[in-house]
Amino acid sequence: MRYRVDVHTDERQRQERLEDDVRRGLTGRPKSLPPKYFYDRAGSLLFERITELPEYYPTRTESALLAEILPGLLGEFLPDDIVEIGSGNSEKTRRILDAVSRGGRSVRYVPLDVDRLTLEATAELLLRDYPGLSVHAVAGDFERDLRHVPVPVGRRLAIFLGSTIGNLDESGQRGLLADLRALLPDPSDRLLLGVDLVKDVKTLEAAYDDAAGVTAAFNRNILRVVNRGVDGDFEPEAFRHVAFYNETRARIEMHLAAESAQAVRLRRLGLTIRFRRGEAIWTESSYKFTRPGVESLLDAVGLRLHRWHVDPANYFALALIRPA
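Residues numbered from 1 in each chain as written. Predicted model: local features only at pLDDT ≥ 70, side-chain atom pairs only at ≥ 80, totals over all residues. Heavy atoms only, no water.

J.: So what about the overall build of the protein chain? Which residues, and what values?
T.: Counting its regular elements, the protein chain contains nine helices and 14 strands. With respect to the principal axes defined by its C-alpha atoms, the protein chain has extents near 60 × 45 × 35 Å. Taken across its 324 residues, the protein chain has 52% of its residues classed as buried. For the protein chain, the proportion of contacts with a sequence separation of at least 24, taken over those separated by at least 6, is 73%. Summing over all exposed atoms, the protein chain offers an accessible surface of approximately 14800 Å²; the carbon and sulfur share of this is 48%. Averaging the positions of the 47 positive and the 49 negative side-chain charges in the protein chain gives two centres separated by 2 Å. (Helix = DSSP H or I, 4+ residues; strand = E, 2+ residues; numbered from the N terminus. Buried < 20%, exposed > 50% of the residue type's maximum accessible area, 1.4 Å probe, protein only. Contact = heavy atoms within 4.5 Å. Areas by Shrake-Rupley, 256 points an atom, 1.4 Å probe, with all protein chains shown as cover. Lys, Arg positive; Asp, Glu negative; His and termini not counted. Charge placed at Lys NZ, Arg CZ, Asp CG, Glu CD.)

Right under this line is the structure:
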């Protein structure tokens, strides 16, 4: 069998989790919403536009760096099993598959993503383009479902790109890396991790508050997701996009600040949420990293830095990691 999908997050579970997250987040102090709810269809399209903005360096910088290091990486390490966390449409993975499946070489690809439809559509295209490929997809949440990734078939390369790890707080980062460590049972296995680096504040803040207002629209779209999910009556335009760099915590913070005092009904939850003028919903943290900070995180969970690759401007790094 060249394709199978294991579903560990179905629509009912996703709905229950959304309701729990919204209830907990909007009744907390400060009010907050998890950034994973940015990515409905409209949010995903807005994020694609963000990646093309002149201010938003991470995607193009990581992509160029990946192209640069791949020949050397695959020259010393040719995997039989590729696991990608938060795979989306697997666009970057194609560069790896082009090299490792050359000549019809057999490779298994294990993408994990929350959207089963995207996994199935992507698998259909990959199986058509790579005759030696098999796909064992896992439909689930990477914060909960990494334990469902199947055991390796041969040497494994796990991939977690986009500095998505920066959306987790420090304890979440350690927990996720511990789960990733469990996916690498053999000393020859490797993890390729993308991390956005600490840099000048002006560059960081511009990447999250672009002149065209695309990131502002992306941020407000989370309120539309909440409206659909819990029958809410948020007016997204009544909230102002706020993004700034917290130097003490080395993170970009994104918020939505109420332009006026207002009350929002969440009918499915039986809640009314009141906002003072200027009161904000915290929608995203995006932590930035240094090499010593990454090494410290890895040491805490039984991983070691094997290679450290940075772009010429020192904006972004790809860390090749091995089991300790």
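Back to the text.
J.: Before we move on, can you summarise the sheet that holds strand S3 (residues 81-85) with the specific residues and values?
T.: Strand order in this open sheet of eight strands is S1-S5-S4-S3-S6-S7-S14-S13, and the pairing throughout is mixed. At either end of the open sheet lies a strand with only one pairing partner, and these are strand S1 (3-7) and strand S13 (303-310). Taking the axes of each pair of neighbouring strands and ignoring which way they run, one obtains an average angle of 20° across the sheet. As paired elements, strand S4 (residues 107-113) and strand S5 (residues 133-139) share five bridges and run parallel to each other. When the sheet's bridge partners are listed, tyrosine 109 is paired in S5 with valine 135. Packed onto the sheet, helix H3 (residues 58-76) meets strand S7 (190-196), S13 and strand S14 (316-323) and runs at close to 40° relative to S14. Along the sheet, helix H5 (residues 116-129) makes contact with S1, S4 and S5, crossing S5 at roughly 175°. (Pairing = 2+ DSSP bridges. Axes fitted to C-alpha atoms, helices over the stretch in contact; angles between N-to-C directions.)

J.: Please set out the sheet that holds strand S12 (residues 280-287) residue by residue, giving values where relevant.
T.: As summarised here, the arrangement of the four strands in space is S2-S12-S9-S8, forming an open sheet in which the pairing is mixed. Of all strands in the sheet, those with a lone pairing partner are strand S2 (31-32) and strand S8 (239-246), marking the two edges. Across eight bridges, S8 lies against strand S9 (residues 251-258) in antiparallel orientation. From the neighbouring strand, arginine 240 faces S9, where its bridge partner is alanine 257.

J.: For the pattern of salt bridges, give the residues involved together with the corresponding values.
T.: The final tally for this structure, using the stated rule, is 31 salt bridges. Ionic pairing is found between arginine 105 and aspartate 80, a salt bridge with its closest N-O pair at 2.8 Å. Linking arginine 105 in the loop between helix H4 (93-100) and S4 with aspartate 80 in the loop between H3 and S3, this pair joins segments that are 25 residues apart in sequence. Linking aspartate 141 and arginine 144 is a salt bridge whose minimum nitrogen-to-oxygen distance equals 4.0 Å. Arginine 144 gets classed as partly exposed once you look at its relative accessible area, which sits at 40%. A single salt-bridge network, built from bridges that share partners, covers Asp21, Arg24, Lys36, Asp141 and Arg144. (Salt bridge = Lys/Arg side-chain N within 4 Å of Asp/Glu carboxyl O.)

J.: Give a description of the packing of aromatic side chains that names residues and reports values.
T.: Taken as a whole and assessed by the stated rule, the structure comprises twelve aromatic pairs. Ring centres 5.8 Å apart and planes at 80° place the aromatic pair tyrosine 39 and phenylalanine 47 in the edge-to-face group. By relative accessible area, which is 24% here, phenylalanine 47 ends up partly exposed. Clustering of aromatic rings is evident, with ring pairs tying together Phe38, Tyr39, Phe47, Tyr56, Tyr208 and Phe218. In this structure, lysine 31 packs its charged tip against the face of phenylalanine 275, placed 5.1 Å from the ring centre. (Phe/Tyr/Trp six-rings, centres within 6.5 Å; stacked < 30°, edge-to-face > 60°. Lys NZ or Arg CZ within 6 Å of the ring centre and 35° of its normal.)

J.: Account for the environment of tyrosine 109, with residues named and values stated.
T.: Residue placement: tyrosine 109 occurs in strand S4. Remark: the alpha-carbon pair of tyrosine 109 and lysine 199, spanning 90 residues in sequence, is separated by 34 Å. Those residues in contact with tyrosine 109 that sit more than four places away from it in its chain are Ile82, Glu84, Ser87, Ser90, Thr93, Leu126, Leu133, Ser134, Val135 and His136. Side chain to side chain, tyrosine 109 and glutamate 84 meet in a polar contact 2.6 Å long. (Polar contact = N/O pair within 3.5 Å; in protein donor to acceptor, adjacent residues only side chain to side chain.)

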